Amino acid sequence: MTESLTVDRMVPIPMRDGAVLYADVYRPVARRCPTLIFRTPYDRTGLGMYGTFALRAASAGYAVVMQDTRGRGASEGVFTPFVHEREDGYDTIDWVASRSWCDGNVGMFGGSYDGVTQWQAAMSGHEALKAIAPNVTASNYHHGWVYRGGAFQLGFSLGWTLSLAAHNAARDPSVPQETREALTDALDRLPETSRVLPLSDHPYLDQVAPYYREWLRHPTYDAFWERLDVSRAHSTIDVAAFNLGGWYDTFLVGTLENFAGMRARGPVDVRDRQRLLVGPWPHEGLFRGNPVGEWNFGGRATAGALDAEGLQLRWFDRWLRGADHTDPAVLLYAMGSDEWREADSWPLPGTEYQDWYLHSGGRANTLHGDGLLSRETPGDQPPDGFRYSPHDPVPTKGGALCCNPVHLGAGVYDQRSVEERSDVLVYTSEPLDRPVDVTGPVSVVLHGSSTALSADWTAKLVDVGPCGYARNLTDGVLRTGHREPGEVAEYRIDAGATSNVFQPGHRIRVEISGGNFPHFDRNPAAGSAGSLQTVHHSAPHLSRIVLPVVPSDATRPYLGGS
């Protein structure tokens, strides 16, 4: 069905505190219909990424409201990430639901920060909001947006803030020209900007983005973050949610957490109204094809080939129009076997969490060392050590990143150049004689000690092909609390999640180090001299990676919805 459309520009929508937010409304002519809302800080008029979906939805009989969030684009007020989105979302939905062209059924769509606006609106409890489709977004804005494992997500947090601040400054005549220039220069030289210490020493941000300094004042999960935490509100969020994500997206953990949390703890009547789609994509995965980093997953892996926009429209048809569509609860792209698969839950049913132990003769440094990964429990083995230097930290090379492809390219990259470093411990299995399907959350249990009072431990899971290409899959970090120098303690590192079939002839590899910069900031407790970090892996200190290995019947080939 194709509709004749009318477009209303610069429509004022009043908020409870008197601020006016502006929107463009695309809608079918002269009839009431369900309405989709898109609230964005990225300029509602730039019909790029989500503009095509908006026009497709409007042509299919939806009214679509494209709104600038507070303090962005044409909207009044001051933009402070996260803080106003719940109330502003409620007020926007309330205004929309009262229009003569809205039939009272409201949905929301969009990704990244536009996913924040959806979840926060859902937390407001407005009864007209029936369904959302958040793409590549977080759940806990402390662990998963600004920080992760206690470390500051420097590359993303600083780069994203600079980008938004430079955009705002360019449109604000009250911002001095020297501030505008400083913001642009800082963004263009992000690798050098990331090395600035202390982390708050960016005075040009204070006028246009004071929230950056505020984030740094809250390094631990406290009341500042608790109020915003979507995961704490799952039991009260009464909406259907279609979560879309990518294996190489920085917010993957939040995407998975929102789906699993709503299925387990949401109101009973919406637990079965949750859906999950994850592809082999970076943050912009719905709008980009291959390569993902430097890896080509093939045409079938793209969102276009899957028609992800069409799947979202089917979702809204189901929950806003009552259409009788049947789609799988979970749709995943399995790397390694390169296929779309469907399942009934996440984590997958029948998952076996296997311990793969770290072994060595005390020289696991570099990929040329004697580090071994095996299901066998280690005997009496010497530990491995490396020196962490804040002046020369292990560099970031691909992974689940956002949002600066010039300086921090997300996705797959050959890790061998990183693994040549002596401050990277490398543990590799023997070539596999059968496929190993690793699908689910990955964790590393590490028994470590450091000469510093606090240390960072990083872990990375890698698929090594027969030719030696080391394809990164997941990574994680843990910043430890204060310990006595040399004290051995057990640490569990959340290393993200993946779906990858390690094929026969391939090897499973784990990297352990003390940095991943500038993805994460450098641990200030190490001091200028750095620290000596030691990994212990003989009894009782059995260091290991815990892999979610699934049986062959845990998933089914995806044949499309009905």
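Residues numbered from 1 in each chain as written. Predicted model: local features only at pLDDT ≥ 70, side-chain atom pairs only at ≥ 80, totals over all residues. Heavy atoms only, no water.

Asker: I'd like a rundown of the pairing of strand β22 (residues 531-536), residues and numbers included.
Answerer: Within β22, 5 of the 6 residues are buried, which leaves it mostly tucked inside the rest of the structure. Bridging between strand β15 (residues 384-388) and β22 involves 5 bridges; their strand directions are antiparallel. Across the sheet, residue glycine 385 finds its bridge partner in β22, namely threonine 534. Both strand β17 (residues 436-450) and β22 contribute to a ladder of 4 bridges, which runs antiparallel. Counterpart to glycine 448 in the pairing with β22 is valine 535. (Buried < 20%, exposed > 50% of the residue type's maximum accessible area, 1.4 Å probe, protein only. Helix = DSSP H or I, 4+ residues; strand = E, 2+ residues; numbered from the N terminus. Pairing = 2+ DSSP bridges.)

Asker: Mind laying out the UniProt feature "domain: Xaa-Pro dipeptidyl-peptidase C-terminal" (unreviewed entry) in the protein, listing which residues take part and the relevant values?
Answerer: UniProt's entry tags residues 313-546 with the feature "domain: Xaa-Pro dipeptidyl-peptidase C-terminal" (unreviewed entry), counted in the numbering of this structure. Taken end to end, residues 313-546 has its terminal C-alpha atoms 38 Å apart, with 5% of it in helix and 40% in strand. (UniProt positions renumbered as here; feature names shortened; annotations may be inferred.)

Asker: Could you give an account of the layout of surface pockets, with specific residues and numbers?
Answerer: Taken as a whole, the largest pocket encloses approximately 630 Å³ of empty space. For the largest pocket, the lining is made up of 29 residues, of which Tyr42, Met49, Ser112, Asp114 and His283 are closest to its centre. For the lining of the largest pocket, the secondary-structure elements that each account for two or more residues are β3 (33-40) and α4 (154-171). Partitioned by chemical class, the residues of the lining of the largest pocket number 13 nonpolar, 12 polar and 4 charged. Taken as a whole, the second largest pocket spans an internal volume of roughly 390 Å³. For the second largest pocket, the lining is made up of 18 residues, of which Leu199, Arg479, Asp521, Arg522 and Pro524 are closest to its centre. Residues that form the lining of the second largest pocket fall into these classes: 8 nonpolar, 7 polar and 3 charged. (1 Å grid on protein atoms, 1.4 Å probe; cavity = no way out; pocket = protein on both sides within 12 Å on 5 of 7 lines; lining within 4 Å. Points joined across faces, edges and corners; volume = space filled by probe spheres on them. Nonpolar A, V, L, I, M, F, W, Y, C, P; charged D, E, K, R; others polar.)

Asker: Describe the sheet that holds strand β11 (residues 330-334), with residues and values.
Answerer: Here we have 11 strands laid out as an open sheet, ordered β1-β2-β4-β3-β5-β6-β9-β10-β11-β12-β24, and mixed in their pairing. The two strands at the open ends of the sheet, each matched to only one other strand, are β1 (5-14) and β24 (556-557). As paired strands, strand β12 (residues 339-343) and β24 are joined by 2 bridges and run antiparallel to one another. Residue pairing across strands places arginine 341 opposite proline 557, the latter belonging to β24. Contacting β1, β2 (20-28), β3, β4 (63-68) and β5 (102-111), helix α1 (residues 51-59) crosses the sheet at an angle of about 150 degrees to β4. Against the sheet, helix α9 (residues 252-265) contacts β9 (240-248), β10 (274-282) and β11, and its axis sits at roughly 165 degrees relative to β10. (Contact = heavy atoms within 4.5 Å. Axes fitted to C-alpha atoms, helices over the stretch in contact; angles between N-to-C directions.)

Asker: Lay out the domain arrangement of the protein in plain terms, naming residues and giving numbers.
Answerer: By a frequent convention, interface size equals the accessible area lost on bringing the separate parts together. Each domain of the protein was delimited in the assignment, giving domain 1 (1-135), domain 2 (148-223) and domain 3 (352-549). For domain 1 and domain 2, the distance between their C-alpha centroids amounts to 28 Å. Contact with domain 1, which involves 10 residues of that partner, is made by 7 residues of domain 2. A buried area of about 750 Å², summed over both sides, lies between domain 1 and domain 2, and 58% of it is on carbon and sulfur atoms. Summed over the three residues of domain 1 that lose the most area to domain 2, namely Arg72, Phe79 and Pro81, the buried surface amounts to 52% of that side. Joining domain 1 to domain 2, the criterion identifies 1 salt bridge. For the salt bridge of arginine 171 with aspartate 43, the shortest nitrogen-to-oxygen distance reads 3.5 Å. Summed over the shared surface of domain 1 and domain 2, the number is 5 residue pairs in polar contact (both at pLDDT 80 or more). For the side of domain 1 that touches domain 2, the per-class residue count stands at 5 nonpolar, 3 polar and 2 charged. (Domains from an automatic or database assignment. Buried area = accessible area lost by both parts, 1.4 Å probe. Salt bridge = Lys/Arg side-chain N within 4 Å of Asp/Glu carboxyl O. Polar contact = N/O pair within 3.5 Å; in protein donor to acceptor, adjacent residues only side chain to side chain.)

Asker: How would you explain α1 if you had to name every residue and give the values?
Answerer: Of the positions making up α1, those classed as buried are Gly51, Phe53, Ala54, Ala57 and Ala58. Buried residues of α1 fall within an arc of 160 degrees about the axis and therefore sit on the same side. Tucked inside the fold, the buried residues of α1 contact β1, β2, β3, β4, β5 and α11 (308-320). Two residues or fewer after α1 comes glycine 61, characterised by a positive phi angle close to 105 degrees. (Arc of directions from axis to C-beta.)

Asker: An account of the packing of α4 against helix α5 (residues 177-188) is requested, with residue identities and associated values reported.
Answerer: At a closest axis distance of 9 Å, the pairing of α4 and α5 adopts a crossing angle of 150 degrees. It follows that α4 is roughly antiparallel to α5 by the angle criterion. Considering the relative orientation of α4 and α5, their crossing is left-handed. The residues of α5 that touch α4, namely those facing Gly159, Leu162, Ser163, Ala165, Ala166, Ala169 and Ala170, are Arg180, Leu183, Ala186 and Leu187. (Parallel < 35°, antiparallel > 145°, perpendicular 65-115°, else oblique. Left-handed = near helix turned anticlockwise from the far one by under 90°.)

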